[in-house]
Amino acid sequence: MSIRNLQPLLRPRSLALIGASGRPGSLGATVLANVRAAGFAGPIAVVNPHRVGVPGTRWVASVAELSTVPELAIVMTPAAAIPGIIAELGALGTRCAVVLSAGITQDSALKQRMLDAAKPHLLRIVGPNCLGIMAPHAGLDATFARTTARPGRLALISQSGALVTAILDWADARGIGFSGVVSVGDMADVDVGDMVDLFAVDPQTDAILLYLEGLTDAAKFMSAARAAVLNKPVIAIKAGRSPAAAAATLSHSGALAGSYDVYRAAFDRVGIVTVDALSELFDAAEILSCYRGCPRGRLAIVTNGGGAGILAVDALRETRAELATLSAATIAKLDTCLPPGWSHADPVDIVGDAAPSRYRDTIGPVLRDDGVDALLVMNCPTAMASAEDFAQAIAEAVKGARTEGVSKPVIGCWLGDSNRAAARGILSEAKIPLFATPQEAVRGFGYLLDATRARSRLLDAPTRRRDIRADFGKARALLTAVRREKRTLLTEIEAKELLAAYGIAVAPTRFAAAPEVMPDAVDGLAPPYAVKVVSPDISHKSDVGGVALGLPNRKAAAAAACAMETRIRAQMPGARIEGFAVETMIERPHSHQLIAGIATDPVFGRLLVFGAGGTAVEILADKVLALPPLDDVEAHAMIAATRISKLLAGYRNEPRANVEAVAAAIDALAAMVVDLPDITELDINPLLADPAGVIALDARVRLGDQPLAIAPLAIRPPPMAWSADLVTRSGFAFHVRPVRSDDEPLLAEFFTRVSPEDLRFRFLNGLGRIDHERLATMVRVDYRRTISFLAFEPDGRTVIATAMLAADPDRTRAEVALVTRADMKGRGLSWNLFEHVLRYAEAERIGLVEALEFADHDAALRMEREMGFTCHADPDDPTLRILRRTFEAVAPGASA
């Protein structure tokens, strides 16, 4: 379940305060006072067995005595009473409640009784154990916070009530307002993903701020965050940096996958801008409360202090921004209004004796320069004028540019506390965010750029798919054999066989059950040899002397195995030694040791690890994490994000490594994650890379305790099992498959061959051309909510029809739209493709499928009626018809 029945949180028309009190100092009295002070205009019912006489409210002794149904209930009674109250509210018709009371989640039976009481009525619960909620545009403050939120366009979602109070105090002092503030508490029902979905579609929210400690449903959160970022920035701070997930892992990959780093990787994947400190969240909030984006980062600086300007330039190195270059025409204009000693470049130093008029004369030409994307205006306090006069001149200049259509972001930096305090109100009214230091101002601008580019990455980043030619049958049979022997740990030889099945080159390896059979085991292998112990109880062999290298002949290999066995049995008498792996030493003088693998995070499921390898892998800590599935461009991005990538690129006399082969290995691991869900950990260390390619020298693989049919992934992969070869009743054969992110060129070509009339029917408007952004939303889909199917001619290369199914966050309702090339009509193609989409919807347990058609689209209306859809007039548009078909009812969210 997602946003169903959550709308009353932002715009309730009536309110019930269960447990509100007139006793001074109590929680119920504080919440009641805040509700009254915020000016909520709807009816307020106070429910308490003891009479509460507060003007503007109506008191009743129990929920049963409520004469009208409250849209939103705020519950603050003792924990034991909560399940009964929820049941009464649900029976009455209330569909949303905020439970402030603590002590519920800690009692699992009590928590379950509360959820069971809500379930029959689809009543949603925020909390328990939370500060409450604020909806400033509705005049609602149902919290026990000291400071209420001003109306504004920022949403704040926090897992900490204490952090909410701190942020509210900070925002109030700066005149920053909110569209909503939600303390989610223990998240027994409504979680962070639900709230992100709610604010993503809220027209009064321009940006979403998150304070996170943990997630209850990573897949839902990732889906919600991605949908939100496509429309508005999402900024998050994640508490907790300890690598707690590493404690019980077998592999280096698992040890490197720290919890905080996994969250960072997840946030990056869906376009969330991450900050590391509360002060940075404030910087982001300051600028995002005024601006939604900035496509480029060329920053101009106007300052009356040269030193302050230099500090701002220095700060640019920490961001994606750059110093703007002023045009000759702009410099010529500034020459007419600035003294001869001005800087004649960016930063524009208007000199310390500048009066307010000099700021006014300078800002206009700089803002109008085509080479400037944003402007930072800095003021050092002087006796030339008051802070208010400087602020007023700057505000007037910015307003003047905006009236002429120049709407570039303008940022203020007023040095000195009293100077800044005097200017804040004037600049705030002009929508100019104000910062205390050059570093904070530039950092804030950097977050604006990051938010803009995060959205762009979701739509514009290049994509490339690599076909992985895997021997899936061999890999599956290998894992089945391991399971049959009731093992979860593969031997090194089995692990290498698995890698080879996915096209990753491995060093040929033989198995010797004992030292004395070593001479026979090395048959076919050329010296020198490497010998390694094989034991399910030893994860890092070199740590216990379980690796011997450079052995010149068979006799030396056997002797090394014997010594190794003696040494390990003395050090680890309980370790099981199953035998030894022997291989030819790989000598590659220009190679680099890498690590590549699969790890499992308890929240986000499977993830990929890549970085610098070798025995010091944890000490070097040069690694990057990514959530599968990946495409080839994302694999290359993983490589580029590491420090060792600079060595792979070649330097001095060292040749460039075959980075394409490294990316191919990462692609193969990403495919393995999807294909083989049983794998919980996989380690290739070292993976040698040089100009000739890559080769895996050592590998370890562990399976989960129980077999899995589907890998636990936070991002759903394309459901390629829904590819099919279909034949219409007329005998026309075609292929259909789910869309992939690299299909945009195919789809663009398809739409050039669709008639204008069919475009009107498909997009319900007069589009003459399908632009990149619209195409990107069709191919870069979140398969949890949306899928496009492409139908191909028998050659498999030319698209002849498309169908998109887009579900709401609850996944209980979806809308379908289909378009077929004009020359392909009349063959039954549309019917068969539509049937395929409906089979998918039913399999996904979506209860209602709708199609929106023009009233004059006779062919579509006739086909959909024949398929069991019912036709309804659109109450908002008489030219449209809504077609509906229901499937077997399912519990909301059951197919998540």
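Refer to the structure presented above.
None of these values were measured; they are calculated from a predicted model.

**A look at unusual backbone geometry**
- Geometrically, the link from Pro-527 to Pro-528 is a cis peptide bond, its omega value of 0 degrees lying close to zero.
- Tracing the sequence through the fold places Pro-528 in the loop between helix H18 (518-521) and strand S21 (529-534).
- For the bond running from Asn-685 to Pro-686, omega is 5 degrees, close enough to zero to count as cis.
- Within the secondary structure layout, Pro-686 lies in strand S27 (residues 679-690).
- Phi at Asn-129 is positive, roughly 60 degrees, even though this residue is not glycine.
- Within the fold, Asn-129 resides in the loop between strand S6 (124-126) and strand S7 (132-135).
- Phi is positive for Val-351, close to 80 degrees, though the residue is something other than glycine.
- Counting through the fold element by element, Val-351 comes out in the loop between strand S16 (348-349) and helix H12 (356-368).

**With respect to the sheet that holds strand S37 (residues 880-886)**
- The 8 strands are arranged S30-S31-S32-S33-S34-S35-S37-S36 in an open sheet whose pairing can be described as mixed. Of all strands in the sheet, those with a lone pairing partner are strand S30 (724-727) and strand S36 (870-873), marking the two edges. On average, adjacent strands in this sheet sit at an angle of 25 degrees to one another, irrespective of strand direction.
- Judged from the 4 bridges that link them, S36 and S37 form a sheet pairing that is antiparallel. Considered in S37, the bridge of Ala-873 is made with Arg-881.
- Of the strands in this sheet, S30, strand S31 (733-738), strand S32 (786-792), strand S33 (799-807), strand S34 (813-820), strand S35 (848-854) and S37 are in contact with helix H27 (residues 829-843), which crosses S33 at around 30 degrees.

**Quick look at the packing of aromatic side chains**
- Summed over the entire model, instances satisfying the criterion amount to 12 aromatic pairs.
- Ring plane angle 65 degrees and centroid distance 5.0 Å describe the contact between Phe-750 and Phe-751, whose orientation is recorded as edge-to-face. Neither Phe-750 nor Phe-751 differs from the other in exposure class; each is buried.
- Where Phe-751 meets Phe-763, the ring centres are 5.7 Å apart and the plane angle is 50 degrees; that geometry is what we call tilted.

**Quick notes on the pairing of strand S10 (residues 177-183)**
- With 7 of 7 residues buried, S10 is to be regarded as a mostly interior element.
- Sheet topology note: the S7/S10 ladder contains 2 bridges and is antiparallel. Along S10, the bridge assignment pairs Ile-133 with Val-182.
- Across 7 bridges, the pairing between strand S9 (residues 150-158) and S10 is parallel. Opposite Leu-154, over in S10, you have Phe-178 as the bridge partner.
- Crossover S9 to S10 through helix H4 (residues 161-174) is right-handed.

The rules behind these values
- Along every chain, residues carry numbers that run from 1 in the direction the sequence is written.
- Note on the predicted model: pLDDT of at least 70 is required for a residue's local features to be given, and 80 or more for side-chain atom pairs to be given and counted; whole-chain, interface and lining totals, by contrast, use all residues.
- Neither water nor hydrogens contribute to the side-chain values; these are computed over all heavy atoms in the structure.
- A run of H or I in DSSP counts as a helix once it spans at least four residues, and a run of E counts as a strand once it spans at least two, with each numbered from the N terminus.
- For two strands to be treated as a pair, DSSP must find at least two bridges joining them.
- Here, axes are lines fitted to C-alpha atoms. For helices the fit covers the stretch in contact, and angles between N-to-C directions go from 0 to 180 degrees.
- Here a residue-residue contact requires only that any non-hydrogen atoms of the pair lie within 4.5 Å.
- Ring pairs are drawn from Phe, Tyr and Trp, using the six-membered ring of Trp, whenever the two centres fall within 6.5 Å, and their geometry is named by plane angle: stacked under 30 degrees, edge-to-face over 60, tilted for the rest.
- The buried label goes to any residue with under 20% of its type's maximum accessible area, the exposed label to any with over 50%, and the partly exposed label to all in between, with areas taken from a 1.4 Å probe on protein chains only.
- With its strands directed away from the observer, a crossover is right-handed exactly when the path from the first strand over the helix to the second travels clockwise.

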